[in-house]
Amino acid sequence: MTTSFDLIELKRVLGGLWGAQDPTDSTMAALKRGVHGEEAMLIAGELVTASHGKTFDNVNPATGQVIGAVADAGAADVDRAIDAARRAFDESSWPHDAEFRRHCLLQLHKAMAESADQFRATAVAEIGVAVRTTNTFHSDWPISSIPYWADMATNFEYEHTMPDRPWASGTRHVIRQEPIGVVAAITPWNFPLQTAMTKILPALAAGATVVLKPAFQTPWHATLLARLIAEKTDIPAGVINVVTPSDNAVAERLAVDPRVDLVHFTGSTAVGKKLMADASGRVARVALELGGKSANILLEDADFTQIVPQAAGVVCMNAGQGCVLPTRLLVPRSRYDEARELARITFEHMPFGDPTDPGTVQGPQISKVQQDRVLGLIAQGVAEGATLLTGGRIPDGFDGGFFVEPTLFADVDPHSTIAQREIFGPVLAMIPYDNVEHAIDIANNTSYGLAGYVWGDEDAAVTVARRIRSGMVAVNGGFFYGHDVPSGGYKESGLGRESGVEGFQEFLETKVIAVAG
């Protein structure tokens, strides 16, 4: 069918996508100077190389070229980091001095704000994220959240006395919340700075100590953070440690070590299950933010001309490598052809390629492994009968990096692999529905429950949102992220919450003190 939607309007919509804006001159200058990441880790207050002297390569996914080296932590390094965190928690004043914690966090805020362009440039170099999208999750948002956590350190009510009750006559009950202890913070490669900060900031504010283990594909944001902590803050030795092993078997020591009190992980559901099993042997606390297969439901009265390009285009942000991205587009059958055409135009004109180009929206996949995985699932979608409208290949002229074309499927079976599996690539599955009940059934018919999206009349959309089995639902473009807003999932999308008071309490233990008299 034809549509009145023109390319000028499309460019406007794509330019306003989640976090997309023209990069600052200072960020572009940082890219032109070249990114030279930190090799050293932070253990017991010292910037150190690996004890066995080994390093591993950091690879730019847009070019496939090595851009630098990273200390390759071995078992001895991880053990030393855990020991340092344990001693800092057990022997220092950190867990008991909220004012000092606040002071240190505000120092960190100043240091990171002054290095924001370096964090943005690092994200482009090691993730391949488009430079025009680095101003949000990859820099400004996590940095701007630090004062919130600094205030939480001193303003949270750690202890209160319950009111008198007839059945508790003769006993005064004091409810006390104390820092949990040593936290293993294990983060993914897609939004590495954001996921690191949603763990270490509330942990430090609560008085816990931390061992941060970033994904080996994206270590430099963490080693840059390590240097800032060591050189620009008064955070005591051992309170936060950063280790960068390339071997997941080494990293697993964090889950099984009895000195670690909480394993806080963001990543794939498969790895989350493994860490949960590892930690269960010693009944350790686990918090998990895992995968998703979010549905984007367009109700009959939604403004398709405005919404479909946005709903389709956002799937290509961060090259589709985001657990909350709305990778299933559910459309009423009566308007399906219209939505299909709008989505096709959007995908065929999606600006992808060199992430240092300010006009680019979609960069590469993180690695050859991820590129092959995405291409394999696209092939499976074709084999299972979905209609491939556009994309689905390695684009011509991009053999050096790990690119996949923006890919649009129509007529997707809700039970098929591409409708059920988290692809983690720039792939959208369009699914028609017959009525609202049918749409809700499709949306909830996955093992995941992380996010959801609904567009249409507000009352009707909120009614649908209440029935979506996921931890976060956006209505008419509402934004469900914020440092004071709890985020997390249902079902196999995770356990616990990040951010807000609920996220802070993940790092606390609850004690009851019963006093007679």
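Residues numbered from 1 in each chain as written. Predicted model: local features only at pLDDT ≥ 70, side-chain atom pairs only at ≥ 80, totals over all residues. Heavy atoms only, no water.

Student: Can you help me understand helix α4 (residues 98-114) in this one?
Tutor: Owing to its 3.6 residues per turn, the α-helix aligns residues three or four sequence positions apart on the same side. For α4, which comprises 17 residues, the first-to-last C-alpha distance of 25 Å matches the rise-based estimate of 24 Å (1.5 Å per residue) to within 8%. Residues of α4 that are buried include every one of A98, R101, C104, L105, Q107, L108, A111 and M112, and no others. Where α4 is buried, its residues touch α5 (116-127), α6 (140-144), α7 (146-155), α8 (192-206) and α9 (220-232). (Helix = DSSP H or I, 4+ residues; strand = E, 2+ residues; numbered from the N terminus. Expected span 1.5 Å × (residues − 1). Buried < 20%, exposed > 50% of the residue type's maximum accessible area, 1.4 Å probe, protein only. Contact = heavy atoms within 4.5 Å.)

Student: Help me understand unusual backbone geometry, please; the structure alone is not making it clear to me.
Tutor: Of all residues except glycine, most have a negative phi; of all peptide bonds, most are trans. Positive phi is not limited to glycine here, since A319 has a value of about 55 degrees. The topology assignment puts A319 in the loop between α13 (304-313) and β13 (328-332). In this structure, K491 takes a positive phi of about 50 degrees despite not being glycine.

Student: I'm lost on the side chain of T446 in this one. Help?
Tutor: Mapped onto the fold, T446 is located in the loop between α17 (436-444) and β17 (448-449). The class of T446 is buried, set by a relative accessible area of 10%. A polar atom in the side chain of T446 sits 3.0 Å from the backbone nitrogen of Y448. The contact partners of T446, leaving out residues within four places of it in the chain, are K293, R328, A419, Q420 and K491. (Polar contact = N/O pair within 3.5 Å; in protein donor to acceptor, adjacent residues only side chain to side chain.)

Student: Explain the UniProt feature "domain: Aldehyde dehydrogenase" (unreviewed entry) in the protein here, please?
Tutor: Under the UniProt annotation, "domain: Aldehyde dehydrogenase" (unreviewed entry) lies at residues 50-513. End C-alpha to end C-alpha, residues 50-513 measures 45 Å, and it is 38% helix and 20% strand. (UniProt positions renumbered as here; feature names shortened; annotations may be inferred.)

Student: Help me out: how do you make sense of the UniProt feature "active site" (unreviewed entry) in the protein in this one?
Tutor: Taking the UniProt record as the reference, the feature "active site" (unreviewed entry) is found at E289. You can see E289 is positioned in strand β11 (residues 285-289). In contact with E289, other than residues within four places in its own chain, are F265, T266, G267, C323, L450, S493 and E498.

Student: Which parts of the structure should I look at to understand helix α14 (residues 336-348)?
Tutor: The end-to-end C-alpha separation of α14 is 18 Å, in line with the 18 Å expected for 13 residues at 1.5 Å each. Listing the buried residues of α14 in full gives Y336, A339, E341, L342, A343, I345, T346 and F347.

Student: Can you walk me through the packing of aromatic side chains in this structure?
Tutor: The geometry of an aromatic ring pair is captured by two quantities: the separation of the ring centres and the angle between the planes. Considering all chains together, one arrives at 17 aromatic pairs under this definition. When the centroid spacing of 5.1 Å and the interplanar angle of 70 degrees are considered together, the rings of F156 and Y158 count as edge-to-face. An identical accessibility class is assigned to F156 and Y158; each is buried. Seen in terms of ring centroids, F398 and F403 are 4.7 Å apart; in terms of plane orientation they differ by 55 degrees. Their pairing is tilted. Take F403: its relative accessible area is 2%, and that puts it in the buried class. Through a chain of ring-to-ring contacts, three or more aromatic side chains come together here, namely F137, W141, F191, Y453, F479, F480 and Y481. One cation-aromatic arrangement involves R335 over F304; the distance from NZ or CZ to the ring centre is 3.8 Å. (Phe/Tyr/Trp six-rings, centres within 6.5 Å; stacked < 30°, edge-to-face > 60°. Lys NZ or Arg CZ within 6 Å of the ring centre and 35° of its normal.)

Student: How do you make sense of the packing of α4 against α7 when you look at a structure like this?
Tutor: Working note: a packed helix pair is described by the angle between its axes plus the distance between those axes. Interhelical geometry of α4 versus α7 gives an angle of 175 degrees and a closest axis separation of 8 Å. Here α4 is positioned roughly antiparallel relative to α7, judged by the angle of their axes. Contacts from A98, E99, R101, R102, L105, L106, L108, H109 and M112 of α4 reach α7 at I146, P147, W149, A150, D151, A153 and T154. Across the contact of α4 with α7, the residue classes break down as ten nonpolar, two polar and four charged. (Axes fitted to C-alpha atoms, helices over the stretch in contact; angles between N-to-C directions. Parallel < 35°, antiparallel > 145°, perpendicular 65-115°, else oblique. Nonpolar A, V, L, I, M, F, W, Y, C, P; charged D, E, K, R; others polar.)

Student: Can you help me understand the layout of surface pockets in this one?
Tutor: Empty space among the atoms becomes apparent when a probe as large as a water molecule is rolled across them. Considering only enclosed or pocket space, the largest pocket measures out at about 850 Å³ in volume. For the largest pocket, the lining is made up of 34 residues, of which W189, F265, G267, S268 and V271 are closest to its centre. At the level of secondary structure, the elements contributing two or more residues to the lining of the largest pocket comprise α10 (248-251), β10 (262-266), α12 (269-280) and α15 (368-383). For the lining of the largest pocket, the leading source of residues is α12, giving five residues. Its residues assigned to classes, the lining of the largest pocket shows 16 nonpolar, eleven polar and seven charged. Two domains each donate at least three residues to the lining of the largest pocket, and these are domain 1 (34-289 + 492-514) and domain 2 (291-473). For the second largest pocket, the calculated volume is near 380 Å³. Lining the second largest pocket are 27 residues, with F137, Q194, T195, T198 and Y481 positioned closest to its centre. Listed by contribution, the elements that provide at least two residues to the lining of the second largest pocket are α6 and α8. (1 Å grid on protein atoms, 1.4 Å probe; cavity = no way out; pocket = protein on both sides within 12 Å on 5 of 7 lines; lining within 4 Å. Points joined across faces, edges and corners; volume = space filled by probe spheres on them. Domains from an automatic or database assignment.)

Student: Is there a simple way to think about the nonpolar core in this case?
Tutor: Here is a general trend for soluble globular proteins: nonpolar side chains tend to be buried in one another's company. Ranked by size, the top nonpolar core spans 48 residues in total, and within it M112 and F504 carry the most contacts. Of all the secondary structure elements, the ones that give two or more residues to this core are α4, α5, α7, β7 (182-186), α8, β8 (209-213), α9 and β9 (240-242). For this core, the leading source of residues is α8, giving nine residues. Setting aside anything within four residues of it in sequence, one finds M112 in contact with F119, I143, I146, L193, M197, L225 and L228. Of all hydrophobic cores here, the second largest spans 43 residues; its members include A215, A311, A312 and F347. (Core = buried A, V, L, I, M, F, W, Y, C linked by side-chain atoms within 4.5 Å.)

Student: Explain the domain arrangement of the protein to me, please; I cannot follow it from the model alone.
Tutor: Quite often, the size of an interface is put as the accessible area lost when its parts meet. Domain boundaries in the protein define domain 1 (34-289 + 492-514) and domain 2 (291-473). A separation of 31 Å is found between the C-alpha centroids of domain 1 and domain 2. Taken together, the 27 residues of domain 1 in the interface contact 29 residues of domain 2. For the pair domain 1 and domain 2, the two sides together bury roughly 2,000 Å², of which 59% comes from carbon and sulfur. For the domain 1 face of the interface with domain 2, the top three residues by lost area are P61, W189 and S493, together amounting to 25%. Inspection of the domain 1/domain 2 interface yields zero salt bridges. Summed over the shared surface of domain 1 and domain 2, the result is eleven residue pairs in polar contact (both at pLDDT 80 or more). Only β3 (55-60) and α5 provide two or more residues apiece to the side of domain 1 that touches domain 2. (Buried area = accessible area lost by both parts, 1.4 Å probe. Salt bridge = Lys/Arg side-chain N within 4 Å of Asp/Glu carboxyl O.)

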